[in-house]
Amino acid sequence: MVVSSKSYGSSNGALIRIDHLVKNYPLGEVEVHALRGVSVEVRQGEFVAIMGASGSGKSTFMNILGCLDKPTKGTYILEDIDVGKLSRDELAHIRNSKIGFVFQGFNLLSRTSAIENVELPLLYCSMSNKERKERAIAALQKVGLGDRIEHYPNQLSGGQQQRVAIARALVNDPSIVLADEPTGNLDSRTSVEVMGIFQELNNNGITIILVTHEHDIAQFTRRHIVFRDGKIRMDKANPTPRNAPDVLKEMPVIDDEEES
Amino acid sequence: MKTLNILLSAFRALRRNKMRSFLTMLGIIIGVAAVIAMLAIGQGAEYSVKQQIAALGTNVLIVFPGSQQQGGLRAGSGTMTTLTEDDALAIQKECPAVAFVSPGTRSGGQVIAGNLNWATSIEGTGQDYLEIRQWTIEYGEFFSEQDVKAASKVCVVGRTVADNLFPESSPVGQNVRIRNVPFKVLGVLSKKGQNAMGQDQDDIILAPYTTVLRRLSHFPFLRQILVSATSPSNINNAQTQISELLRMRHKIPPYDADDFTIRNQTDLATTATATTEILTILLASIASVSLLVGGIGIMNIMLVSVTERTREIGIRMSVGARGRDILTQFLIEALVLSLLGGMVGIILGVTGSSAISSFAKWPTIITAFSIILSFGFSIAIGIFFGFYPARKAALLNPIDALRYE
């Protein structure tokens, strides 16, 4: 593991420190400049929404944050580790131990029970079967699915599937949860429910970065970063986030089971 | 990822596509079963050839006359007229390592008995022939030393000849006419079956060599002298003694080559065994081609599987699976396929071989070697053909894999 020099240290409390990040893709003969120098810091315990039109670079940014992709230029320091200098295997280890992903399409393994899906990240670090099971059950209970641990994805509603995905993201106690359009495939009520879970996790100290293009969803977060043409155009705090339980109370009730 | 967990998830993945997994395994099953059955048949053949050669007697020597040589032209072996009755008698008398001697000549022809006739070969032998060949008379009796000395017109017939000339009655005491010479049948030989080369050894008539020489072939020289040593360990002594005796009797100067050849059954055994070994290798190599085809089947299915499960690979990578975790997972799946196939194939091959034994009356032998060989072969095939698809999966880029539709 490459640990960066102390000058990048967390003395200023930053969990993520990104400096002049550039990402270019070759697309046929032209080069696409997906990111043109992005600098940002995220502190422990923040709840950030990343917004922007498609093609603004926000997905590229998320892939780099999630260690799925490497930047062309610039530095990305995650918890004192210069991620840009790591090998494929070391990146896999970072994804395993420090990052939890939540995707728009849930990305659960089909024909695999909820608990086995949640156990998946723990399979790639050394842990006893008993401890793995306990942690997976605890994570499922945290998202309110303690009674559905043996259900298969096709027996669960969209909201429940996304909650399994969130449990999977949490099971390794990551430093940061990255959610890429987590409500994109959900109806509005279920979206608010999922945002409620994120808010609750954030209140318990978990750092969450969420990509969305819906303003309504962004309103539940505490900080908005807007991308345009590969650059950060706006970065401001949201001092008055909406409270998901309050919003839910005002919404008409739809039977979750019937909808699935 | 722990080995047990990988194994469990490999089984789970294969169970999801039961039919496909079974069909893939079928290639290996058939391949392994074929290798085992072919090896069993080949080794069975080898064994029965060895048995038949042992039945010929491992202490038997055959003396052939040498080849005729005129100028630089050499005729084949056995053409030289050098072996005489006296040579045979001298070997009997003067070589201490020799137990029995039977001078031999051969004739052939149409044999007539009543209104039936049959073409067969007539072997002229001494009275000790059966002793040397470890053959017995089924009923009746063999001709005596007296018959040989007197060149009596008597004979014993092989099982096949008896069946063809005397289908209804016992041949003993009856007459057969060989090229117009009447012979009295003294006995019937016990059934010997085919020899290593597939010839029917019972299609034969044995008569005193003196009678055959004087009444049938009208030729004073012997085609061969069959000799048995006092014991198998004495066979080399017997060979040396015979060789020295014949060189002396034929007045061959030390610088000249023998005008006779002495062959022992060990040479024949070696040749025949080598032949059947080649047969075994040939059969097994043909069978292993099907194993190879089975391996290609595994590779094919694993490639399909990697493509189908690209998203799964992406998900696994996004939660921290390293390239080598993915590699191991797919390699283990291929290995499980080939191992399961190998085990079923071994069971099928073993039962198939014993079925061949009992239905076709063909000896089959299954050795631990052939089981270990085919088992090892199927493991090797699993690794070899599983590696490429597994590596392809391991080298996938996590983002591309996640986005794969």
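Just so you know, these numbers come straight off a predicted model, no measurement behind them.

*Asks:* Can you walk me through the overall build of chain A in this structure?
*Replies:* Along chain A, the regular secondary structure elements total nine helices and ten strands. Evaluated residue by residue, chain A yields a buried proportion of 45% over its 260 residues. For chain A, contacts bridging at least 24 residues in sequence account for 71% of all contacts bridging at least 6.

*Asks:* Would you explain the sheet that holds strand β8 (residues 207–211) of chain A in this entry?
*Replies:* Strand pairs in the sheet, formed through backbone hydrogen bonds, run parallel or antiparallel to each other. Residues and elements named next belong to chain A. Taken in spatial order, the six strands make up an open sheet running β6-β7-β8-β3-β9-β10, and their pairing is mixed. The outermost strands of the open sheet, each flanked by one partner alone, are β6 (99–102) and β10 (231–237). Recorded for the sheet is a direction-independent mean angle of 20° between the axes of neighbouring strands. Pairing of strand β3 (residues 47–52) with β8 involves four bridges; the strand directions are parallel. Within β8, the residue paired with V48 across the bridge is I209. Packing against the sheet, helix α5 (residues 158–170) makes contact with β6 and β7 (176–180), and its axis sits at approximately 170° to β6.

*Asks:* What am I meant to see in the interface of chain A and chain B here?
*Replies:* Bring the parts together and some accessible area is lost; that lost area is often taken as the interface size. Opposite the 18 residues of chain A that make contact, chain B presents 17 residues. Counting residues per element, the ones that place at least two in the side of chain A that touches chain B are α2 (88–98) and α3 (114–123) of chain A. It is α2 of chain A that provides the largest number of residues to the side of chain A that touches chain B, a total of six residues. Within the side of chain A that touches chain B, the residues separate by chemical class into eight nonpolar, four polar and six charged.

*Asks:* How do you make sense of the nonpolar core when you look at a structure like this?
*Replies:* Within soluble globular proteins, side chains that are nonpolar generally end up buried alongside one another. In this structure, I50, V118 and A167 of chain A are the most contacted members of the largest nonpolar core, which totals 125 residues. With 17 residues, the top contributor of residues to this core is helix α2 (residues 18–56) of chain B. Beyond its immediate chain neighbours, meaning those up to four positions away, I50 of chain A contacts K58, F61, I209, L210, V211, I225 and F227 of chain A.

*Asks:* What is the right way to look at the packing of helix α1 (residues 3–16) of chain B against helix α11 (residues 323–360) of chain B in this model?
*Replies:* Packed helices, taken two at a time, are described by the angle their axes make and the gap between the axes. Residue and element names in this part refer to chain B. Interhelical geometry of α1 versus α11 gives an angle of 65° and a closest axis separation of 9 Å. Two packed elements cross with a definite hand, and for α1 against α11 that hand is right-handed. Contact residues: I6, L7, S9, A10, F11, A13 and L14 in α1; T328, Q329, I332, E333, V336 and L337 in α11. Class assignment of the residues belonging to the contact of α1 with α11 gives a composition of nine nonpolar, three polar and one charged.

*Asks:* I tried to follow the pairing of strand β9 (residues 181–189) of chain B on my own but got confused; where do I start?
*Replies:* Look at any regular strand and the pattern is simple: side chains alternate between the two faces of the sheet. All names here are of chain B. As defined by bridge partners, strand β6 (residues 137–140) adjoins β9 across three bridges and the pair is classed as antiparallel. The residue of β9 that forms the bridge with I137 is L189. For strand β7 (residues 154–157) and β9, the ladder comprises four bridges, and the chain directions are parallel. The partner of C155 across the bridge, within β9, is V185.

*Asks:* For this particular structure, what's the right way to read the confidence of the model for chain A?
*Replies:* Caution applies to low-pLDDT parts of the model: their predicted coordinates are not meant to be read in detail. All names here are of chain A. Of the residues in chain A, 92% have a pLDDT of 70 or more, and the chain-wide mean is 87. β8 holds the highest mean pLDDT among the elements of chain A, 94, whereas helix α9 (residues 256–259) holds the lowest, 51. The model gives residues 1–11 a pLDDT under 50, and that stretch makes 17 contacts with residues more than four places away or in other chains.

*Asks:* Looking at this structure, I do not really get the pairing of β3 of chain A. What am I missing?
*Replies:* Residues and elements named next belong to chain A. Burial analysis of β3 places six of its six residues in the buried class, which makes it a mostly covered element. Burial along β3 is two-sided: F47, A49 and M51 and V48, I50 and G52, pointing in opposite directions, are all buried. For β3 and strand β9 (residues 223–228), the ladder comprises five bridges, and the chain directions are parallel. Following the sheet pairing, V48 is matched in β9 by R223.

*Asks:* Teacher, can you tell me more about the sheet that holds strand β1 (residues 14–27) of chain A here?
*Replies:* Residue and element names in this part refer to chain A. Within the open sheet, the four strands sit side by side as β2-β1-β4-β5. Their pairing is antiparallel. The two strands at the open ends of the sheet, each matched to only one other strand, are β2 (30–43) and β5 (81–82). Two strands pair when backbone bridges link them, and strand β4 (residues 73–78) and β5 are joined in this way by two bridges, in the antiparallel orientation. For L78, the partnering residue across the bridge sits in β5 and is I81. Helix α1 (residues 58–65) contacts β1, β2 and β4 of the sheet and is inclined by roughly 60° relative to β2.

*Asks:* In this structure, what is going on with helix α12 (residues 368–394) of chain B? I would like to understand it.
*Replies:* Owing to its 3.6 residues per turn, the α-helix brings residues three or four apart onto one side. All names here are of chain B. Between the first and last C-alpha of α12 there are 37 Å, a value that for 27 residues agrees with the 39 Å anticipated at 1.5 Å per step. The sharpest bend along α12 reaches about 40° and sits at F387, with the proline P389 one to four residues further on. Regarding α12, the residues found buried are S370, S374, F377, S378, I381, G382, F385, G386, P389, A390, A393 and A394.

Thresholds, definitions, all that
Residues numbered from 1 in each chain as written. Chains lettered and ligands numbered in written order. Predicted model: local features only at pLDDT ≥ 70, side-chain atom pairs only at ≥ 80, totals over all residues. Helix = DSSP H or I, 4+ residues; strand = E, 2+ residues; numbered from the N terminus. Buried ≥ 20, exposed ≤ 12 C-beta atoms within 10 Å, placed from the backbone. Contact = placed C-beta atoms within 7 Å. Pairing = 2+ DSSP bridges. Axes fitted to C-alpha atoms, helices over the stretch in contact; angles between N-to-C directions. Nonpolar A, V, L, I, M, F, W, Y, C, P; charged D, E, K, R; others polar. Core = buried A, V, L, I, M, F, W, Y, C linked by C-beta atoms within 7 Å. Left-handed = near helix turned anticlockwise from the far one by under 90°. pLDDT = per-residue confidence, 0-100. Expected span 1.5 Å × (residues − 1). Bend = angle between axes of the 7 residues up to and from the residue.

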